[in-house]
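Remarks on the overall topology
The residues making up each chain are set out below.
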Amino acid sequence: MRQPIERKSLQDQAADWLRSAVVRGDFAPGEVLTEQALTERIGTGRGTVRSALFALEAQELVTRTPYSSWRVAVLDAQTIREIYTLRSAYEELAARLLATGRESLGTAAVEAAFAHLDAAEGGDSDTRVAADLGFHASFVRQTGHRLLIRRHGQLADKMEWLYRWSESHWPCRNPLVAEHRPLFDALMTGTPEAAERAVRDHIDYSIAQDLAGFHSLAQDGLTHPEDT
(Lines give C-alpha, C1' and ligand atoms only; values in the text may rest on other atoms or scores of the structure.)
Protein backbone atom coordinates (compact mmCIF):
# COMPACT_ATOMS: atom_id res chain seq x y z
CA MET A 1 0.00 0.00 0.00
CA ARG A 2 1.30 3.45 -0.87
CA GLN A 3 2.08 5.76 2.02
CA PRO A 4 0.07 9.00 2.31
CA ILE A 5 1.74 12.07 0.86
CA GLU A 6 3.40 14.09 3.57
CA ARG A 7 1.99 17.59 3.58
CA LYS A 8 4.19 20.33 4.94
CA SER A 9 3.59 24.03 5.23
CA LEU A 10 5.94 26.47 3.55
CA GLN A 11 7.27 27.37 7.00
CA ASP A 12 8.04 23.71 7.73
CA GLN A 13 9.80 23.30 4.38
CA ALA A 14 11.90 26.41 5.02
CA ALA A 15 12.78 25.15 8.50
CA ASP A 16 13.80 21.76 7.03
CA TRP A 17 15.98 23.50 4.42
CA LEU A 18 17.69 25.66 7.01
CA ARG A 19 18.10 22.82 9.50
CA SER A 20 19.78 20.67 6.87
CA ALA A 21 22.07 23.53 5.82
CA VAL A 22 23.19 24.14 9.41
CA VAL A 23 23.58 20.48 10.36
CA ARG A 24 25.51 19.67 7.19
CA GLY A 25 27.89 22.59 7.74
CA ASP A 26 26.81 24.73 4.78
CA PHE A 27 26.82 27.54 7.34
CA ALA A 28 29.77 27.47 9.71
CA PRO A 29 29.38 27.56 13.50
CA GLY A 30 29.07 31.17 14.60
CA GLU A 31 28.30 32.44 11.09
CA VAL A 32 25.94 35.41 10.85
CA LEU A 33 22.62 34.69 9.13
CA THR A 34 20.60 37.52 7.63
CA GLU A 35 16.93 37.20 6.84
CA GLN A 36 17.38 38.95 3.50
CA ALA A 37 20.15 36.63 2.31
CA LEU A 38 18.20 33.55 3.41
CA THR A 39 15.09 34.84 1.68
CA GLU A 40 17.02 34.97 -1.59
CA ARG A 41 18.60 31.52 -1.11
CA ILE A 42 15.48 29.68 0.02
CA GLY A 43 13.14 31.53 -2.34
CA THR A 44 10.45 32.36 0.21
CA GLY A 45 9.16 35.47 1.91
CA ARG A 46 10.96 37.10 4.82
CA GLY A 47 8.23 36.11 7.28
CA THR A 48 8.66 32.46 6.33
CA VAL A 49 12.41 32.69 6.83
CA ARG A 50 11.91 34.33 10.21
CA SER A 51 9.59 31.50 11.28
CA ALA A 52 12.24 28.98 10.21
CA LEU A 53 14.88 30.80 12.23
CA PHE A 54 12.68 30.79 15.32
CA ALA A 55 12.13 27.04 14.86
CA LEU A 56 15.89 26.43 14.78
CA GLU A 57 16.40 28.73 17.74
CA ALA A 58 14.09 26.43 19.71
CA GLN A 59 16.39 23.54 18.74
CA GLU A 60 19.43 25.61 19.78
CA LEU A 61 20.95 25.34 16.31
CA VAL A 62 20.85 29.11 15.82
CA THR A 63 20.99 31.98 18.32
CA ARG A 64 19.47 35.44 18.20
CA THR A 65 20.69 38.77 19.46
CA PRO A 66 17.57 40.93 19.99
CA TYR A 67 17.26 43.71 17.40
CA SER A 68 20.61 42.70 15.97
CA SER A 69 21.35 39.44 14.17
CA TRP A 70 20.99 35.68 13.90
CA ARG A 71 23.96 33.33 14.09
CA VAL A 72 24.57 29.65 13.71
CA ALA A 73 25.17 28.26 17.19
CA VAL A 74 28.78 28.41 18.32
CA LEU A 75 30.59 25.09 18.54
CA ASP A 76 33.00 25.41 21.44
CA ALA A 77 34.54 23.01 23.94
CA GLN A 78 31.61 23.33 26.34
CA THR A 79 29.08 22.61 23.59
CA ILE A 80 31.02 19.55 22.44
CA ARG A 81 31.16 18.22 25.98
CA GLU A 82 27.48 18.93 26.67
CA ILE A 83 26.20 17.24 23.49
CA TYR A 84 28.25 14.14 24.15
CA THR A 85 27.48 13.85 27.85
CA LEU A 86 23.73 14.24 27.31
CA ARG A 87 23.91 11.66 24.54
CA SER A 88 25.85 9.37 26.86
CA ALA A 89 23.20 9.64 29.56
CA TYR A 90 20.44 8.60 27.14
CA GLU A 91 22.41 5.80 25.53
CA GLU A 92 23.76 4.38 28.79
CA LEU A 93 20.17 4.03 29.98
CA ALA A 94 19.18 2.42 26.69
CA ALA A 95 22.08 -0.04 26.86
CA ARG A 96 21.18 -1.05 30.41
CA LEU A 97 17.51 -1.53 29.50
CA LEU A 98 18.35 -3.59 26.43
CA ALA A 99 20.89 -5.78 28.20
CA THR A 100 18.44 -6.35 31.04
CA GLY A 101 15.58 -7.41 28.76
CA ARG A 102 17.23 -8.51 25.53
CA GLU A 103 15.35 -11.85 25.46
CA SER A 104 11.97 -10.13 25.42
CA LEU A 105 13.03 -6.98 23.55
CA GLY A 106 15.08 -8.71 20.86
CA THR A 107 18.24 -7.48 19.16
CA ALA A 108 17.46 -7.81 15.44
CA ALA A 109 17.50 -4.08 14.70
CA VAL A 110 20.83 -3.64 16.50
CA GLU A 111 22.40 -6.55 14.63
CA ALA A 112 21.21 -5.16 11.29
CA ALA A 113 22.54 -1.68 12.11
CA PHE A 114 25.91 -3.10 13.15
CA ALA A 115 26.16 -5.07 9.90
CA HIS A 116 25.47 -1.83 8.04
CA LEU A 117 28.59 -0.28 9.59
CA ASP A 118 30.75 -2.67 7.57
CA ALA A 119 29.01 -1.74 4.33
CA ALA A 120 29.46 1.96 5.13
CA GLU A 121 33.13 1.69 6.12
CA GLY A 122 34.55 2.86 2.81
CA GLY A 123 31.66 5.12 1.89
CA ASP A 124 31.39 8.87 1.69
CA SER A 125 30.74 11.10 4.66
CA ASP A 126 26.94 10.95 4.29
CA THR A 127 27.03 7.15 4.33
CA ARG A 128 29.32 6.99 7.36
CA VAL A 129 27.34 9.53 9.34
CA ALA A 130 24.05 7.76 8.66
CA ALA A 131 25.46 4.33 9.55
CA ASP A 132 27.17 5.47 12.74
CA LEU A 133 24.26 7.47 14.12
CA GLY A 134 21.88 4.79 12.88
CA PHE A 135 23.63 2.15 14.97
CA HIS A 136 23.32 4.23 18.12
CA ALA A 137 19.68 5.00 17.39
CA SER A 138 18.99 1.30 16.81
CA PHE A 139 19.66 0.17 20.37
CA VAL A 140 17.74 3.13 21.78
CA ARG A 141 14.73 2.21 19.62
CA GLN A 142 15.12 -1.48 20.45
CA THR A 143 14.28 -0.72 24.08
CA GLY A 144 10.75 0.33 23.13
CA HIS A 145 11.01 3.09 25.75
CA ARG A 146 8.93 5.77 24.04
CA LEU A 147 9.98 8.77 26.10
CA LEU A 148 13.66 7.85 25.87
CA ILE A 149 13.35 7.35 22.10
CA ARG A 150 11.76 10.79 21.72
CA ARG A 151 14.35 12.55 23.87
CA HIS A 152 17.22 10.86 22.05
CA GLY A 153 15.62 11.79 18.73
CA GLN A 154 15.38 15.43 19.79
CA LEU A 155 19.15 15.43 20.20
CA ALA A 156 19.74 13.83 16.78
CA ASP A 157 20.26 17.07 14.83
CA LYS A 158 22.88 18.29 17.29
CA MET A 159 24.65 14.92 17.24
CA GLU A 160 24.74 14.98 13.44
CA TRP A 161 25.91 18.62 13.45
CA LEU A 162 28.83 17.70 15.71
CA TYR A 163 29.61 14.51 13.79
CA ARG A 164 29.71 16.31 10.44
CA TRP A 165 31.92 19.04 11.88
CA SER A 166 34.34 16.33 13.02
CA GLU A 167 34.19 14.48 9.69
CA SER A 168 34.84 17.71 7.78
CA HIS A 169 38.16 18.13 9.57
CA TRP A 170 39.19 14.49 10.05
CA PRO A 171 37.43 12.34 7.40
CA CYS A 172 37.21 8.62 8.19
CA ARG A 173 39.26 9.17 11.35
CA ASN A 174 37.72 6.20 13.11
CA PRO A 175 37.15 2.72 11.63
CA LEU A 176 33.43 2.16 12.10
CA VAL A 177 33.35 -1.58 12.79
CA ALA A 178 36.39 -1.76 15.08
CA GLU A 179 35.29 1.31 17.01
CA HIS A 180 31.80 -0.08 17.67
CA ARG A 181 32.65 -3.76 18.17
CA PRO A 182 33.15 -3.57 21.98
CA LEU A 183 29.84 -1.73 22.35
CA PHE A 184 28.02 -4.18 20.09
CA ASP A 185 29.41 -7.21 21.95
CA ALA A 186 28.38 -5.74 25.29
CA LEU A 187 24.86 -5.07 24.01
CA MET A 188 24.56 -8.61 22.66
CA THR A 189 26.02 -10.65 25.53
CA GLY A 190 27.16 -8.39 28.36
CA THR A 191 25.62 -7.66 31.71
CA PRO A 192 23.57 -4.47 32.08
CA GLU A 193 26.53 -2.91 33.89
CA ALA A 194 28.94 -3.92 31.13
CA ALA A 195 26.64 -2.57 28.41
CA GLU A 196 26.26 0.73 30.22
CA ARG A 197 30.02 0.98 30.74
CA ALA A 198 30.67 0.20 27.06
CA VAL A 199 28.55 3.17 26.01
CA ARG A 200 30.34 5.42 28.48
CA ASP A 201 33.78 4.28 27.31
CA HIS A 202 32.80 4.70 23.66
CA ILE A 203 31.50 8.23 24.11
CA ASP A 204 34.29 9.29 26.49
CA TYR A 205 36.74 8.37 23.73
CA SER A 206 34.79 10.49 21.23
CA ILE A 207 34.75 13.43 23.63
CA ALA A 208 38.50 13.21 24.09
CA GLN A 209 39.13 13.05 20.35
CA ASP A 210 36.88 15.96 19.42
CA LEU A 211 38.07 18.18 22.26
CA ALA A 212 41.69 17.52 21.33
CA GLY A 213 40.85 18.30 17.72
CA PHE A 214 38.97 21.46 18.66
CA HIS A 215 41.85 22.79 20.75
CA SER A 216 44.28 22.00 17.94
CA LEU A 217 42.15 23.99 15.50
CA ALA A 218 41.92 26.85 18.00
CA GLN A 219 45.71 26.97 18.31
CA ASP A 220 45.94 27.20 14.52
CA GLY A 221 43.34 29.98 14.44
CA LEU A 222 40.85 27.86 12.51
CA THR A 223 37.89 28.21 14.84
CA HIS A 224 35.42 31.07 14.95
CA PRO A 225 36.66 33.85 17.27
CA GLU A 226 33.66 33.36 19.58
CA ASP A 227 34.28 29.62 19.90
CA THR A 228 37.17 29.98 22.31
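Above: the structure in question.
So, here is what we can say about the structure in this document. (Residues numbered from 1 in each chain as written. Predicted model: local features only at pLDDT ≥ 70, side-chain atom pairs only at ≥ 80, totals over all residues. Heavy atoms only, no water.)

Overall, antiparallel pairing links the three strands, which are arranged β1-β3-β2 in an open sheet. Edge positions in the sheet fall to β1 (32-33) and β2 (62-65), since each has one partner strand and no second. Note that β1 and strand β3 (residues 69-72) share two bridges and pair antiparallel. In the strand pairing of β3, Leu33 is matched with Trp70. Where helix α3 (residues 46-58) meets the sheet, its contacts fall on β1, β2 and β3, and the angle it forms with β2 comes to roughly 110°. (Pairing = 2+ DSSP bridges. Helix = DSSP H or I, 4+ residues; strand = E, 2+ residues; numbered from the N terminus. Contact = heavy atoms within 4.5 Å. Axes fitted to C-alpha atoms, helices over the stretch in contact; angles between N-to-C directions.)

Before going further, it helps to spend a moment on the layout of surface pockets. Gaps left between atoms are located by rolling a probe of water-molecule size over the structure's atoms. There is about 310 Å³ of room inside the largest pocket. In terms of lining residues, the largest pocket is bounded by 16 residues, among which Gln59, Glu60, Leu86, Leu155 and Lys158 are the most central. When contributions to the lining of the largest pocket are tallied by element, the ones reaching two or more residues are α4 (77-105), α7 (146-154) and α8 (156-169). No other element matches the six residues that α4 contributes to the lining of the largest pocket. Broken down by class, the residue content of the lining of the largest pocket amounts to six nonpolar, four polar and six charged. (1 Å grid on protein atoms, 1.4 Å probe; cavity = no way out; pocket = protein on both sides within 12 Å on 5 of 7 lines; lining within 4 Å. Points joined across faces, edges and corners; volume = space filled by probe spheres on them. Nonpolar A, V, L, I, M, F, W, Y, C, P; charged D, E, K, R; others polar.)

To continue, consider the pairing of β3. Pairing geometry for β2 and β3, over four bridges, is antiparallel. Directly across from Thr63, in β3, lies its bridge partner Arg71. The turn joining β2 and β3, which pair antiparallel and follow one another in sequence, is formed by three residues; a positive phi near 60° is taken by Tyr67.

The geometry of an aromatic ring pair is captured by the separation of the ring centres together with the interplanar angle, meaning the angle of the planes. If you walk through the whole model with that rule in mind, you get six aromatic pairs. Arranged with centres 4.1 Å apart and planes meeting at 5°, the rings of Phe114 and Phe184 form a pair that is stacked. In this pair, Phe114 sits in helix α5 (residues 108-120) while Phe184 sits in helix α9 (residues 176-189), placing the two residues 70 residues apart along the sequence. With respect to burial, Phe114 and Phe184 carry one shared label: buried. Between Phe135 and Phe139, the aromatic rings sit 5.9 Å apart at their centres with planes inclined by 65°, giving edge-to-face as the arrangement. Of this pair, Phe135 and Phe139 both sit in helix α6 (residues 125-142), four residues apart, which is roughly one turn of the helix. On the basis of relative accessibility, which here comes to 0%, the residue Phe139 falls in the buried class. In this structure an aromatic cluster arises from ring pairing among Phe114, Phe135, Phe139 and Phe184. (Phe/Tyr/Trp six-rings, centres within 6.5 Å; stacked < 30°, edge-to-face > 60°. Buried < 20%, exposed > 50% of the residue type's maximum accessible area, 1.4 Å probe, protein only.)

A few words now on the side chain of Arg102. Tracing the backbone through its elements, the reader meets Arg102 in helix α4. At 3.0 Å, the side chain of Arg102 forms a polar contact with the backbone oxygen of Met188. Residues contacting Arg102, with those up to four places away along its chain left out, are Thr107, Ala186, Leu187, Met188, Thr189 and Gly190. (Polar contact = N/O pair within 3.5 Å; in protein donor to acceptor, adjacent residues only side chain to side chain.)

Next up on the list: the packing of α8 against helix α10 (residues 192-219). Each pair of packed helices can be summarised by the angle the axes make with each other and by the distance between the axes. Relative orientation of the contacting elements α8 and α10 amounts to 60°, with a least axis distance of 11 Å. With respect to their mutual orientation, α8 and α10 come out oblique. Every pair of crossing elements has a handedness; the one defined by α8 and α10 is left-handed. When α8 is examined against α10, the residues Leu162, Trp165, Ser166 and His169 are found in contact with a partner set consisting of Asp210, Phe214 and Leu217. For the contact of α8 with α10, a count of residues per class yields four nonpolar, two polar and one charged. (Parallel < 35°, antiparallel > 145°, perpendicular 65-115°, else oblique. Left-handed = near helix turned anticlockwise from the far one by under 90°.)

The next subject is empty space enclosed by the protein. By the definition in use, this model includes one cavity of 30 Å³ or more. Taken as a whole, the largest cavity encloses approximately 260 Å³ of empty space. Broken down by secondary-structure element, the contributors of at least two residues to the lining of the largest cavity are α4, α6, α8, α9 and α10. At five residues, the largest contribution of residues to the lining of the largest cavity is made by α8.

Quick look at the packing of α4 against α8 now. For the pair α4 and α8, interaxial distance at closest approach is 10 Å and the crossing angle is 125°. Between α4 and α8, the angle falls in the class oblique. Crossing hand, α4 versus α8: left-handed. On α8, the residues that touch Thr79, Ile80, Ile83, Tyr84, Arg87 and Glu91 of α4 are Lys158, Met159, Trp161, Leu162 and Trp165.

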